[in-house]
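# Inside the fold
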Amino acid sequence: MLFSLAMRLSSFVNLAILILVSVSASASVVPDVTFFSGSAAQAGSFEAANNNVNEGSVISAEKQNQSVNFKRDEKINIAVAANFAKPLKSIAEQFTELTGIEVAVTVSSSGTLYAQIQHGASFDVFLSADRARPQALVDNNLVHHGNLVDYAKGKLAFVYAGDLSSEAFSEISSKTSGERNCEQIARSSTGDTTAQINVQLTDCLSKQLVQLMENPQNKVAIANPKLAPYGDAAQQTLQNLSLWHQFLPHRVMGKNVLQTLQFYTTGSVKGAFVAYSSALDLPANLSSNLPSNFNSVVITESAEAITVIVPVPETLYKPIIQSLVVNSKTVATLSPNLFEPLLIKNAAAPVDEPIHNDNVEPTRAFRLSDASGVSSPSLFVQYLMSQGVQQSLIEWGYEPIIASGVGN
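None of these values were measured; they are calculated from a predicted model.

A tally of helices and strands in the chain yields 14 helices and 16 strands. Long-range pairs, those at least 24 residues apart, make up 73% of the contacts in the chain between residues at least 6 apart in sequence. Counting every atom, the chain has about 21600 Å² of accessible surface; 53% of that belongs to carbon and sulfur.

Moving on, we come to the confidence of the model for the chain. With 62% of its residues at a pLDDT of 70 or more, the chain shows a mean pLDDT of 74. Per-element confidence in the chain is highest for strand E5 (residues 125–127), whose mean pLDDT is 98, and lowest for strand E1 (residues 34–35), whose mean pLDDT is 24. In the predicted structure, residues 345–349 sits below a pLDDT of 50 and forms 11 contacts with residues beyond four places in sequence or in another chain. Long-range and interchain partners of residues 403–407, a stretch whose pLDDT sits below 50, account for eight contacts in this model, where long-range means more than four residues apart.

Time to look at the environment of Leu 280. If you trace the backbone, Leu 280 turns up in the loop between helix H12 (276–279) and strand E11 (298–301). When the C-alpha atoms of Leu 280 and Ile 309 are compared, they prove to be 8.2 Å apart, with 29 residues separating the residues in sequence.

Within helix H5 (residues 132–139) the residues assigned to the buried category are Arg 133, Pro 134, Ala 136, Leu 137 and Val 138. The secondary structure elements touched by the buried residues of H5 are helix H4 (110–118), E5, strand E6 (148–154), helix H9 (229–240) and strand E13 (320–326). The first or second residue beyond H5 is Asn 141, which carries a positive phi of 60°.

The next subject is the packing of aromatic side chains. Each aromatic ring pair is specified by the distance between its two centres and by the angle formed by the two planes. Tallied over the entire structure, the rule returns nine aromatic pairs. Aromatic pair Phe 84 and Tyr 151: ring centres 5.0 Å apart, planes at 70°, arrangement edge-to-face. On the criterion of sequence distance, the pair formed by Phe 84 in the loop between strand E3 (75–81) and helix H3 (85–99) and Tyr 151 in strand E6 is long-range, its members being 67 residues apart. Given a relative accessible area of 0%, Tyr 151 falls into the buried group. Considering the side-chain rings of Phe 84 and Tyr 398, the 5.2 Å spacing of their centres and the 70° angle between planes classify their relative orientation as edge-to-face.

Moving on: the side chain of Ser 386. Mapped onto the elements of the fold, Ser 386 is located in the loop between helix H13 (376–384) and helix H14 (387–392). Reaching out from Ser 386, the side chain makes a polar contact with the backbone oxygen of Tyr 383 at a distance of 2.6 Å. Ignoring anything within four residues of it in the chain, the contact list for Ser 386 reads Asn 337, Phe 339 and Glu 340.

This part is about a nonpolar patch on the surface. Taken together, Val 105, Val 107 and Leu 258 make up a surface patch of nonpolar side chains, about 210 Å² in accessible area. As for its placement among the helices and strands, Val 107 is situated in strand E4 (residues 102–108).

Okay, the pairing of E4 next. Taken together, the seven bridges between E3 and E4 define a ladder with parallel strand orientation. Bridge assignment links Asn 77 to a residue of E4, and that residue is Ala 104. Tracing the backbone out of E3, into H3 and back to the parallel element E4 gives a crossover that is right-handed.

The next subject is the sheet that holds E5. Read from one edge of the open sheet, six strands run E4-E3-E5-E13-E6-E16, paired in mixed fashion. With partners counted over all chains shown, the strands left at the sheet margins are E4 and strand E16 (399–400), one partner each.

Time to look at the packing of H4 against H5. The N-to-C vectors of H4 and H5 enclose an angle of 15°; their axes lie 10 Å apart at closest approach. Judged on the interaxial angle alone, H5 and H4 are roughly parallel. Here H4 and H5 pass one another in a crossing that is right-handed. Of the residues in H5, those touching H4 at Ser 110, Gly 111, Tyr 114, Ile 117 and Gln 118 are Arg 133, Ala 136 and Leu 137. A class-by-class count of the residues in the contact of H4 with H5 yields four nonpolar, three polar and one charged.

How each quantity is defined
- Residues numbered from 1 in each chain as written.
- Predicted model: local features only at pLDDT ≥ 70, side-chain atom pairs only at ≥ 80, totals over all residues.
- Heavy atoms only, no water.
- Helix = DSSP H or I, 4+ residues; strand = E, 2+ residues; numbered from the N terminus.
- Contact = heavy atoms within 4.5 Å.
- Areas by Shrake-Rupley, 256 points an atom, 1.4 Å probe, with all protein chains shown as cover.
- pLDDT = per-residue confidence, 0-100.
- Buried < 20%, exposed > 50% of the residue type's maximum accessible area, 1.4 Å probe, protein only.
- Phe/Tyr/Trp six-rings, centres within 6.5 Å; stacked < 30°, edge-to-face > 60°.
- Polar contact = N/O pair within 3.5 Å; in protein donor to acceptor, adjacent residues only side chain to side chain.
- Patch = residues over 30% accessible without salt bridge, like charges linked within 9 Å, V, L, I, M, F, W, Y side chains within 5 Å.
- Salt bridge = Lys/Arg side-chain N within 4 Å of Asp/Glu carboxyl O.
- Pairing = 2+ DSSP bridges.
- Right-handed = clockwise from strand over helix to strand, strands pointing away.
- Axes fitted to C-alpha atoms, helices over the stretch in contact; angles between N-to-C directions.
- Parallel < 35°, antiparallel > 145°, perpendicular 65-115°, else oblique.
- Left-handed = near helix turned anticlockwise from the far one by under 90°.
- Nonpolar A, V, L, I, M, F, W, Y, C, P; charged D, E, K, R; others polar.

This is the structure we're talking about:
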């Protein structure tokens, strides 16, 4: 019996020694690394500024404190009226480069996009070419009233084609405006007031339209007034010129302003009412000679004809205020604008002294880490409404919306 107990005790001791050796060996091969899951890395990056951790990555302790830009791995869907499609493409690319948030864009007429949202389309942001449709979404309680923002003011233009021959063009000019043609009126430096120029330009535009419609074969295009705000503005213009009924036999109607412009560029019509911003693309080789203001006429030349772009006087149509909505029943976070430079008072400046350029410190660049709790659609609207982006709209043929911060 004593022998049996001794054997069992010996076996127990050997087993214990074996376990201790195994544990020691295992501990010696565990690498010195820290593991992060994708969600833990993302949460940590918002808490600590500019700490970039990719999903599934293994970061050594030495690299955890490196400061790099964090970007959101998200995607937002934006619906935009056709006239603003080109500016939006550029703005969206800049936004994605800055934040990492991808932007998917759907382009159509304001009326079509509005109807889709009414039927449940899951757009995150809707940029209309008017204010009426975004306001209707608010009035119908489909989006929060605080999510409505005016973002640009549009301009209407009339484009028409003429013979490239200087003699023919001179004949057109003399018929349409007596001593001065449309270009000379718009570029007037005689000291005429804006009101006087508008009166003269209105007369010139009216006579040019009448001349085009003297030929029964000539067609003039407008966007569908029921779907496109620029089409509605074109109809208002023709009605205020008392030419609407005379125009109807010559009418070609596009679904939106881009299709209307296409009718002109393909030679299907002799003239078209389009967004001034779209007209500036006729043709591309004029990019270095674009007008610096809206009271301008651009004469472009192709192999066979000239294109004249006449800004329609704003007295002939209601202002085209373009608005957007964040498509949510929850209020969007639109203020403060994280893309705006904030004036930080120098600590050495007196407390009661107003902030001036000479007593402020330079502000840091935008950091996505400051946007914790701000949705990606809200961030996009903030970017669109930032001062730099708003001023860039002038180059696209729009007037920026002057506002204090983001809002209507």
